[in-house]
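Structure at a glance
Residue-level listing of the chains:
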Amino acid sequence: MDTNVIIAIVAVVVIAAILVIGGWWLGKTRKNAVNKSTEDAKAAADARIAAEAKSAAADSSTVKPSVDSNVDAAEKAPAESQQKSSAQASSSETAAPAPATEAKPEPVHETPEAAGTRMQRLKARLSKSGNPFGKALFNILAKDQLSEADWEDVEDTLLLADVGAEASEQLVEELRNDARIAGQSDPAEVRAALKDKLLKLVGTDTDRRLNADKEGANKPSVIIMVGVNGTGKTTTAGKLSRLLVSEGKQVMLGAADTFRAAAADQLETWGAKVGVPVVRSDKDGADPASVAFEASVKAKEENADVLIIDTAGRLQNKANLMDELGKIRRVTEKNLPVDEVLLVLDATTGQNGMTQAKVFAEAIGITGVVLSKLDGSAKGGIVISVQKELGVPVKLVGLGEGPDDLAPFDPEGFVDGILA
């Protein structure tokens, strides 16, 4: 073999051996360095942990009393409370047994205004209203000489006040033939003559008592409130309950207006003020007849004097809704006789209310009329026309927005009010 080749091979082997030995040495050195670094870091960490533990021990020696006191207080509270209640229990055993639950205070109920003073307020309000037709009539009739034009004005005034064509013609004819008005007349005599004629038209001999107030009335006596939307049936039902409570009657309300979501809540608000219970459905949109029946059952069980059933407002030209009223009455009468059906009319609607009244009278049969919003209306003649058309009396009138602004209708007070 060539000497040069041998030398080259030996050189390569030597170099490779040097590289291997050098790599091994470097790796061992690096491993030792890493191990030393790890040991140093561990030692430092142990020292830091020891220092922190020592510091924490020092801090706990100053903080622990307050912490312990809080913990002790928290732990001692139940024990002290238990000891206290044990002591109270032992003392109550020697005195008198304590009730299991604390008695709730009785709700304070309002005292409704008596019926006697309500009509006096109506009279005062009528005298202050914008344009009572009685004043307009008196101003015409008090003239020294009445011409045909004046008599036409009288008739126009009556028609505008919704007295009705037939009743207006009758009144004009009677006034023409009254000697106190013909020719030159004393204003006092004219007023007296006009009052007499109006009272005759309004009706002084009519029995306007609620059937619940009559001798031999059923108990419970059932009243159903009906009318178109917006006349104030629910409010009137609430006010009527107050009026009956003021007379010493035990009243119950039935929320059969299940169409309007807030109707039952509104009725409950009215009832709560005077301690009148309300029977209502647990869900909106329930069958109103079933609510009415349930109310009649509960009123009978609790021996109530009067049950007032509120119904949903409905348009008089909706046959299905009007039929629903008949169903409410029929279902109620399976348990209790219905003594009264009150039609609530808005006095400001005038003759428009007459069409409504006739349809309701045919659908369910009405026994009386409640005129709401009468105090500020110039259409007071609706009192005359509604009675003449329906043959049923106006029994109650609404005086305003107050809770006791509902009064039994008094013909003389009404006429005095519009002539004041």
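Residues numbered from 1 in each chain as written. Predicted model: local features only at pLDDT ≥ 70, side-chain atom pairs only at ≥ 80, totals over all residues. Heavy atoms only, no water.

Topic: the pairing of strand β4 (residues 306-311)
Among the six residues in β4, six count as buried, and that is most of the element. Of the two faces of β4, the one lined by Val-306, Ile-308 and Asp-310 and the one lined by Leu-307, Ile-309 and Thr-311 are each fully buried. In the sheet, strand β1 (residues 221-226) pairs with β4 via five bridges, with the strands oriented parallel. When the bridges of β4 are listed, Val-222 appears paired with Leu-307. In this structure, strand β2 (residues 251-256) lies alongside β4, joined through six bridges in parallel fashion. Following the sheet pairing, Val-251 is matched in β4 by Val-306. (Buried < 20%, exposed > 50% of the residue type's maximum accessible area, 1.4 Å probe, protein only. Helix = DSSP H or I, 4+ residues; strand = E, 2+ residues; numbered from the N terminus. Pairing = 2+ DSSP bridges.)

Some details on the packing of aromatic side chains
Each aromatic ring pair is specified by the distance between its two centres and by the angle formed by the two planes. In total, this model carries one aromatic pair according to the counting rule given. Above the ring of Phe-138, the side-chain terminus of Arg-191 is found at 4.2 Å from the ring centroid. Of note, Lys-273 hangs over the ring of Trp-270, and the distance from its end group to the ring centre comes to 5.8 Å. (Phe/Tyr/Trp six-rings, centres within 6.5 Å; stacked < 30°, edge-to-face > 60°. Lys NZ or Arg CZ within 6 Å of the ring centre and 35° of its normal.)

Quick look at the pattern of salt bridges
Applying the stated criterion to the full structure yields 24 salt bridges. The closest approach of N and O atoms between Arg-260 and Asp-257, which form a salt bridge, is 3.8 Å. A residue is classified by how much of its surface remains accessible, and Asp-257, at 6% relative accessible area, is buried. We note a salt bridge from Glu-294 to Lys-298, for which the minimum N-O separation is 3.5 Å. Placement of the pair is Glu-294 and Lys-298 together in helix α9 (residues 288-301), with a separation of four residues, close to one helical turn. Under the relative-accessibility criterion, Glu-294 is labelled partly exposed at 34%. Residues joined by salt bridges that share partners form a network here, namely Asp-178, Arg-180, Asp-196 and Lys-197. (Salt bridge = Lys/Arg side-chain N within 4 Å of Asp/Glu carboxyl O.)

Section: the sheet that holds strand β3 (residues 278-279)
Sheet strands pair via backbone hydrogen bonds, and the direction of the pair is either parallel or antiparallel. If you trace the eight strands from one edge of the open sheet to the other, you get β3-β2-β4-β1-β5-β6-β7-β8, paired in mixed fashion. Because the sheet does not close on itself, it has two edges, and the strands there are β3 and β8 (406-408). Here helix α7 (residues 233-246) sits on the sheet in contact with β1, β2, β4, β5 (338-346), β6 (368-372), β7 (394-398) and β8, set at roughly 170 degrees to β4. (Contact = heavy atoms within 4.5 Å. Axes fitted to C-alpha atoms, helices over the stretch in contact; angles between N-to-C directions.)

Details of the environment of Asp-257
Positionally, Asp-257 belongs in the loop between β2 and α8 (263-274). For the pair Asp-257 and Ala-289, spaced 32 residues apart in sequence, the C-alpha separation works out to 9.7 Å. Side-chain polar atoms of Asp-257 contact the backbone nitrogen of Phe-259, separated by 3.4 Å. (Polar contact = N/O pair within 3.5 Å; in protein donor to acceptor, adjacent residues only side chain to side chain.)

A few points about helix α10 (residues 319-333)
The end-to-end C-alpha separation of α10 is 21 Å, in line with the 21 Å expected for 15 residues at 1.5 Å each. By the burial criterion, the buried members of α10 are Met-322, Leu-325, Gly-326, Ile-328, Val-331 and Thr-332. Lining the buried residues of α10 we find β1, α9, β4, β5 and α11 (352-363). (Expected span 1.5 Å × (residues − 1).)

Side note on the pairing of β1
The buried fraction of β1 is high, at six of six residues. Covered by surrounding structure in β1 are Ser-221, Ile-223 and Met-225 together with Val-222, Ile-224 and Val-226, the residues of both alternating faces. Relative to β5, β1 is paired through five bridges, and the arrangement is parallel. Across the sheet, the residue bridging to Val-226 is Leu-343, located in β5.

Details of the UniProt feature "transmembrane region" (unreviewed entry) in the protein chain
In the numbering used here, UniProt assigns the "transmembrane region" (unreviewed entry) feature to residues 6-26. What you have in residues 6-26 is 100% helix and 0% strand, and the ends, taken at the C-alpha atoms, are 30 Å apart. (UniProt positions renumbered as here; feature names shortened; annotations may be inferred.)

Section: a negative patch on the surface
A surface patch of negative charge is lined by Glu-152, Asp-153, Glu-155, Asp-156, Glu-166, Glu-169 and Glu-173. Contributions of two or more residues to the negative patch are made by α4 (148-160) and α5 (165-176). Broken down by element, the negative patch gets its largest block of residues, four residues, from α4. Along the polypeptide, Glu-169 turns up in helix α5. (Patch = residues over 30% accessible without salt bridge, like charges linked within 9 Å, V, L, I, M, F, W, Y side chains within 5 Å. Areas by Shrake-Rupley, 256 points an atom, 1.4 Å probe, with all protein chains shown as cover. Lys, Arg positive; Asp, Glu negative; His and termini not counted. Charge placed at Lys NZ, Arg CZ, Asp CG, Glu CD.)

Some points on the side chain of Lys-233
Relative to the elements of secondary structure, Lys-233 occurs in helix α7. Look at Lys-233: it is buried, it has no salt bridge, and the nearest opposite charge is Asp-310 at 5.7 Å. In terms of polar contacts, Lys-233 uses its side chain to reach the backbone carbonyl oxygen of Val-228, at 3.2 Å. Residue contacts for Lys-233: discarding those within four places in its chain leaves Met-225, Val-226, Gly-227, Val-228, Asp-310, Thr-311, Ala-312, Gly-313 and Val-344.

Digging into helix α12 (residues 382-390)
Of all nine residues that make up α12, seven are buried, and the element is covered over most of its length. Where α12 is concerned, the buried positions are Ile-382, Val-383, Ile-384, Ser-385, Val-386, Gln-387 and Leu-390. Two residues or fewer after α12 comes Gly-391, characterised by a positive phi angle close to 75 degrees.

So, the nonpolar core
In terms of nonpolar packing, the biggest core is built from 72 residues, with Val-154, Ile-224, Val-226, Leu-371, Val-397 and Phe-414 touching the most fellow members. If one sorts the elements of this core by residue count, helix α6 (residues 187-202) sits on top with seven residues. For Val-154, the residues in contact, after removing those within four places along its chain, are Leu-137, Ile-140, Leu-141, Val-172 and Leu-175. Counting 23 residues, the second-largest nonpolar core is a separate cluster that includes Leu-210, Ala-237, Ala-264 and Val-306. (Core = buried A, V, L, I, M, F, W, Y, C linked by side-chain atoms within 4.5 Å.)

Description of the side chain of Ser-385
Residue position: Ser-385 is located in helix α12. Classification of Ser-385 by relative accessible area gives buried; the value is 4%. Within polar-contact distance, the side chain of Ser-385 engages the backbone oxygen of Ile-382 at 3.4 Å.

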